[in-house]
Amino acid sequence: MGIFGKMFEKKICGICGGEIGLLGNRKLEDGNMCKNCAAKLSPFFSDRRSSTLEQIREQLAYREENRDAVAAFHTTRTLGRGTKVLLDENAGKFMVTSARDLVAANPDVLRFDQVTGCIVDVRENRHEEEREVEDKEGHTRHVSYTPPRYTFSYDFYLTINVNSPYFDEITFQLNSSSIEVDAGRFYGRGMPLGGMGTNRPGMMGARPGMAQNLPGSTTAPTLEERRNNPDYVECEAMAEEIRAALTQIRTQVREEAAAATAPKTATTCPWCGATTMPNANGCCEYCGGAMGD
């Protein structure tokens, strides 16, 4: 059978048994899966091609069980804007999602103690500005400035490392659109640093790389200049809030778990004087009196 014959060969989904359409096949290590079954997998799962049919079935079973966890989830704290980190502090669980309908989206519900790390990544984008020139024939073309000039923008990404059988990290963007920062500019009131108008060489607040009526800059904005942009500052604070919250809660949960499994030692009851092992409520097993710390 030729290449085109194999392309149009009938394929059956190894999960649901349905026939797979021409563009609906999702290849697995030992079989095929239809796009409808693939849509039920975790959005953070990325190892489909190296997964077996049995491993996919196990994950789909977990995803069905996850629906009960979503239904029982009660948000006590929301962090972020577009994609949000929702915390259920009473149950010690969280989820990351941009969906409004949580039941339909079925986002993965994770325990706080599954968090193994949290990393903030600020990615810089550089776009070269060009000027228009007209050649001898009257044709317009774009050429670089001398020296080259660039505009800079920034995107904030957060990666939450987790201990899960199906994925080990959750990465999402905090800002919905790139944050443009002009080197040497002050954004607090929408004015350039040094006053109204375009910065000029020798003007108060201007720095090398800034020039009158020229777009962009020859050098990237410094961290101080980036932090003059309120959008940059807001995203930076948002990222730190999420990182600090997940890290702090993870540490607290693990410390509580360690304390709960620590071996108990016999102490003297201050009420009856007996040597006793405090019960689960921290009380004397003989008289019921509170043992204290």
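Reading guide: rules and limits
- Residues numbered from 1 in each chain as written.
- Predicted model: local features only at pLDDT ≥ 70, side-chain atom pairs only at ≥ 80, totals over all residues.
- Heavy atoms only, no water.
- Helix = DSSP H or I, 4+ residues; strand = E, 2+ residues; numbered from the N terminus.
- Buried < 20%, exposed > 50% of the residue type's maximum accessible area, 1.4 Å probe, protein only.
- Contact = heavy atoms within 4.5 Å.
- Areas by Shrake-Rupley, 256 points an atom, 1.4 Å probe, with all protein chains shown as cover.
- Core = buried A, V, L, I, M, F, W, Y, C linked by side-chain atoms within 4.5 Å.
- Pairing = 2+ DSSP bridges.
- pLDDT = per-residue confidence, 0-100.
- Salt bridge = Lys/Arg side-chain N within 4 Å of Asp/Glu carboxyl O.
- Phe/Tyr/Trp six-rings, centres within 6.5 Å; stacked < 30°, edge-to-face > 60°.
- Lys NZ or Arg CZ within 6 Å of the ring centre and 35° of its normal.
- Polar contact = N/O pair within 3.5 Å; in protein donor to acceptor, adjacent residues only side chain to side chain.

**Some thoughts on the overall build of the chain**
Looking only at helices and strands, the chain has six helices and 14 strands in total. Per-residue burial over the chain gives 35% buried out of 293 residues. Expressed as a percentage of contacts within the chain between residues at least 6 apart in sequence, the contacts between residues at least 24 apart total 43%. Carbon together with sulfur atoms contributes 49% to the accessible area of the chain, which is approximately 17,900 Å² in total.

**Focus on the nonpolar core**
Val 85, Phe 94, Ile 160 and Ile 170 are the most contacted members of the largest nonpolar core, which totals 33 residues. Of the residues forming this core, the biggest block, eight residues, is contributed by helix α6 (residues 230-261). Contact partners of Phe 94, with chain neighbours within four places excluded, come to Phe 73, Val 85, Leu 86, Leu 87, Asp 108, Val 109, Leu 110, Arg 111, Phe 112, Val 115, Val 162 and Leu 246. Counting residues in each nonpolar core, the second largest holds 12 residues, with Cys 13, Cys 37, Leu 53 and Leu 60 among its members.

**Concerning the sheet that holds strand β5 (residues 77-79)**
Neighbouring strands of a sheet are bound in pairs by backbone hydrogen bonds; such pairs are parallel or else antiparallel. Read from one edge to the other, the open sheet built from four strands follows the order β5-β6-β7-β8, with strand pairing classed as antiparallel. One side of each edge strand has no neighbouring strand; the edge strands of this open sheet are β5 and β8 (110-111). With five bridges joining them, strand β6 (residues 84-88) and strand β7 (residues 93-97) adopt antiparallel strand pairing. Bridged to Val 85 within β7 is Val 96.

**A short note on the confidence of the model for the chain**
Residues at a pLDDT of 70 or more form 83% of the chain, whose mean pLDDT is 84. Low pLDDT (under 50) marks residues 188-206, which in the prediction has 32 contacts with non-local residues, meaning those over four places away or in another chain.

**A word on the pattern of salt bridges**
According to the stated counting rule, one finds nine salt bridges in the structure shown. Put simply, Arg 227 and Glu 236 hold a salt bridge, and the shortest N to O gap is 2.9 Å.

**Observations concerning the packing of aromatic side chains**
The final tally for this structure, using the stated rule, is six aromatic pairs. With centroids separated by 6.2 Å and ring planes inclined at 10 degrees, the aromatic side chains of Phe 94 and Phe 112 adopt a geometry described as stacked. Here Phe 112 lies in the loop between β8 and β9 (115-134) and Phe 94 lies in strand β7, a separation of 18 residues in the sequence. Note on Phe 112: relative accessible area 3%, which makes it buried. Geometrically, the ring pair formed by Tyr 154 and Tyr 232 is edge-to-face, given 5.7 Å between the ring centres and 90 degrees between the ring planes. Separated by 78 residues along the polypeptide, Tyr 154 in strand β10 (residues 140-162) and Tyr 232 in helix α6 bring together distant segments of the chain. With relative accessibility at 1%, the residue Tyr 154 sits in the buried group. A connected cluster of aromatic rings, assembled from ring pairs, spans Tyr 154, Phe 156 and Tyr 232. A cation over a ring is seen here: Arg 123 above Tyr 157, with NZ or CZ 3.7 Å from the ring centre. Above the face of the Tyr 150 ring, Arg 126 is positioned so that its terminal group lies 4.0 Å from the ring centre.

**Overview of the side chain of Glu 225**
Relative to the helices and strands, Glu 225 resides in helix α5 (residues 223-226). In terms of polar contacts, Glu 225 uses its side chain to reach the backbone amide nitrogen of Thr 222, at 2.9 Å.

**Brief notes about the pairing of β7**
Among the five residues that make up β7, four are buried, leaving the element largely enclosed by the rest of the structure. Linking β6 to β7, which pair antiparallel, is a turn of four residues; within it Gly 92 sits at a positive phi near 70 degrees. Taken together, the two bridges between β7 and β8 define a ladder with antiparallel strand orientation. Counted as the bridge partner of Phe 94 is Leu 110 from β8.

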